[in-house]
Amino acid sequence: MRIAVAGAGDLLSDKAAKMRESLQKSQTITDNVVSILGSFDHRLSTLETAMRPTQIRTHSIRKAHENIDKTLKAAEVILAHFDQFRQAEAKILKGPHEDLENYLQAIAKLRSSIQFFGSIKGFKSSDGIINHANNLLAKAISKLEDEFKQLLSSHSKAVEPEHLFDCLPNSMRPSSGSPANEHDPSDKNHSNHHSEAHNNIADDVVYTPPTLIPPRVLPLLHDLAQQMIDAGHRQQLLKIYRDTRSNVLEESLQKLGVEKLNKDDVQKLQWEVLEAKIGNWIHFMRIAVKLLFAGESKVCDEIFEGFGSLSEQCFAEVTTNSVSMLLSFGEAIAKSKRSPEKLFVLLDMYEIMQELHSEIETLFKGKACTEKREAATGLTKQLAQTAKDTFGDFEEAVEKDATKTAVTDGTVHPLTSYVINYVKFLFDYRSTLKQLFEEFEGTGDSPQLASLTMRIMQALQTNLDGKSKQYKDLALTHLFLMNNIHYIVRSVRRSEAKDLLGDDWVQRHRRIVQQHANQYKRNAWAKILQCLSIQGLTSSGGGSGTAGDGGSGSSSGASRAVVKDRFKTFNIMFEELHQKQSQWTVPDSELRESLRLAVAEVLLPAYRSFVKRFGSLVESGKSAQKYIKYTAEDLDRMLGEFFEGKNTNESKR
């Protein structure tokens, strides 16, 4: 056991000795390597020291080459800009007339050169070049201004009226070259024109604004304007455009027939002339807004696109005089002396302003056009106020009308027909009146118009009652009132007024007509009917000597002398009535026949009965025809001549 342990120890000792020997060899190798590396590092340091001057010279050479390349490249750029500058200068000196597009490109290159030379630091010639370029640019812009003005002027022509009419919808084009022909001042069917106009407006009509400047020219004008804006010549641009286009627009309106009239001018015109001018003005407003102003706005938008508010400002200044010329006439009418006949033209003018309101707001947009929008709105309100005041004037004027127009025949008075036509016209303006009532009364309901109509009707009847008292003959008084109220009722029944006034109103006034007819009969025929009465024909004693003179039993007790006197009186009275009342007039044929029949139904039976009962007392005498001059048929025929409005000579014949 010990022998084995001893052997193992020796083995371990041998191994340890060998490991020690290996470690010593490794240390020696390490020391040698360290020594070699130290020697190499020393030699490398020496080499670097020797190479440093060469490296410095090489770096300097490389840097020099790089600087030379940069300088050459910079010189090339400068030379290129010099070349660009010379080319631009040559084109600019030639002027824009030959080739405007290249001229504009040359200006752009010139601006680029100015910017380039201004950005170079340390280049001694920059200031001289920039000054020269700026002077050249100023000349170029001046030439552009001239070119813009010339180009705009040469393509700005006043639009002929015929061309404007062609741009209107077919239904609104005048038949013979002037809008005035659509409203003949002598035409009494104003309401028909108004209804037709409203139907036209209600239709889906199309307006085609005229081409004021050829489309091919607009891009060139835009580019010229752009250069002027870039050069800071905004005000010069605005002035050129305003002066040129403003004059052309005014000339277009003048060719159309627009006049600048003030209040004094309007007051001097006769009504027929003024009415025609108002009708024309309504057409001019529509043409101006929907065609001329719309076309002008489109031109401004295209030429000044992208220039901020300049388009709105130019449009505002171009249209200033034209808008003033149009609105001044409307203001003159609104401020002129009020009169009933002006109501409907005031409403027409109010309507066109309402119709154009949204388009005016759209066209005259922005701060620059504020004054024009406010002026248009102000005129609309002024027209509405004047129309409202005229309403009040009319109602009062109807009630207090003191015209001495003689209506000797008891026919419909001119005031009645005038007022009724006036009321009929009101219903053609129902939608317009609704707007007025909404503005001033806070409601646009039908009762407002119904109330107004009733007040006017009542004012008319009050006046007619006063006029009827001018007649000395009470029968004619009632005939006059019968005629006039019947005319009112018939007119109401045939118009839209019936819906507002109602059946009760109509029936009540029909009864009034009948009452006056009855009063006429009573006052005109009561006395003559007394002649045919048996009262006073018989003696108080119940008999006389005349009873046996060939008379029948029906005439027993009647005095021949009294009967003769009755027949004689009847003849005289009837002839007087015939002569007088054949000159009176009942213009409505139905009412005339009805009144004749009502008289005949009372008179003829009484006459036949009287002749039958007492005729025998005078028929046996020598002059029977002197007393019984007429048969019942003769009387009926003569009644047929009543109320025909014949003059005195005709009646005698």
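Bear in mind the structure is a predicted one, so any value in this text is a computation, not a measurement.

(A) Structural context of helix H9 (residues 271–303). Here H9 spans 45 Å end to end across 33 residues, near enough to the 48 Å set by a 1.5 Å rise per residue. Of all the bends found along H9, the most pronounced is centred on Ala288 and spans about 40°.

(B) Representation of empty space enclosed by the protein within the structure. Throughout the structure, instances matching the rule amount to six cavities of 30 Å³ or more. Of the voids in this model, the largest cavity is the one considered here, and its volume is about 80 Å³. Every residue along the wall of the largest cavity is listed here: Met285, Val289, Phe293, Val323, Leu326, Leu327, Met353, Ile360, Phe364, Lys372 and Ala376. Counting residues per element, the ones that place at least two in the lining of the largest cavity are H9, helix H10 (310–335), helix H11 (342–363) and helix H12 (370–400).

(C) Structural view of the packing of H12 against helix H13 (residues 414–428). Close contact between H12 and H13 brings their axes to 12 Å; oriented N to C, the two are set at 155°. One finds that H12 runs roughly antiparallel with respect to H13. Considering how the two elements wind past one another, H12 and H13 form a crossing that is left-handed. Residue-level inspection shows Thr390, Phe391, Phe394 and Val398 of H12 in contact with H13, the latter providing Leu415, Tyr418, Val419, Tyr422 and Leu426. Taken together, the residues of the contact of H12 with H13 break down into eight nonpolar, one polar and no charged.

(D) Quick peek at the side chain of Ser468. In this structure, Ser468 sits in helix H15 (residues 446–468). Owing to a relative accessible area of 2%, Ser468 belongs among the buried residues under this scheme. Among residues more than four places away in sequence, those in contact with Ser468 are Thr477, Phe480 and Leu481.

(E) Expanded view of the environment of Thr244. Mapped onto the fold, Thr244 is located in helix H7 (residues 234–256). Given the relative accessible area of 13%, Thr244 is considered buried. In the structure, Thr244 is positioned 94 residues away from Gln150 in sequence and 9.9 Å away in space, judged by C-alpha atoms. Discounting chain neighbours no more than four positions away, the residues touching Thr244 are Leu152, Ser153 and Ser156.

(F) Looking closely at the packing of helix H6 (residues 218–230) against H9. Running from N to C, H6 and H9 cross one another at 55°; their axes reach a closest spacing of 8 Å. On the basis of the axis angle, H6 is oblique to H9. Contact residues: Leu218, Leu221, His222 and Ala225 in H6; Val299, Glu302 and Ile303 in H9. Partitioned by chemical class, the residues of the contact of H6 with H9 number five nonpolar, one polar and one charged.

(G) Molecular detail of helix H19 (residues 589–614). With 26 residues, H19 ought to run about 38 Å at 1.5 Å a step, and its terminal C-alpha atoms sit 36 Å apart, in line with that. Approximately 30° is the largest bend angle found in H19, and it occurs at Ala600. Every buried residue belonging to H19 is among Leu591, Arg592, Leu595, Arg596, Ala598, Val599, Ala600, Leu603, Leu604, Tyr607, Phe610 and Phe614, and all of these are buried. Looking at the buried side of H19, the elements it contacts are helix H16 (474–493), helix H17 (497–531), helix H18 (560–581), helix H20 (616–619) and helix H22 (632–639).

How each quantity is defined
- Residues numbered from 1 in each chain as written.
- Predicted model: local features only at pLDDT ≥ 70, side-chain atom pairs only at ≥ 80, totals over all residues.
- Heavy atoms only, no water.
- Helix = DSSP H or I, 4+ residues; strand = E, 2+ residues; numbered from the N terminus.
- Expected span 1.5 Å × (residues − 1).
- Bend = angle between axes of the 7 residues up to and from the residue.
- 1 Å grid on protein atoms, 1.4 Å probe; cavity = no way out; pocket = protein on both sides within 12 Å on 5 of 7 lines; lining within 4 Å.
- Points joined across faces, edges and corners; volume = space filled by probe spheres on them.
- Axes fitted to C-alpha atoms, helices over the stretch in contact; angles between N-to-C directions.
- Parallel < 35°, antiparallel > 145°, perpendicular 65-115°, else oblique.
- Left-handed = near helix turned anticlockwise from the far one by under 90°.
- Contact = heavy atoms within 4.5 Å.
- Nonpolar A, V, L, I, M, F, W, Y, C, P; charged D, E, K, R; others polar.
- Buried < 20%, exposed > 50% of the residue type's maximum accessible area, 1.4 Å probe, protein only.

That is the geometry; function is a separate question.
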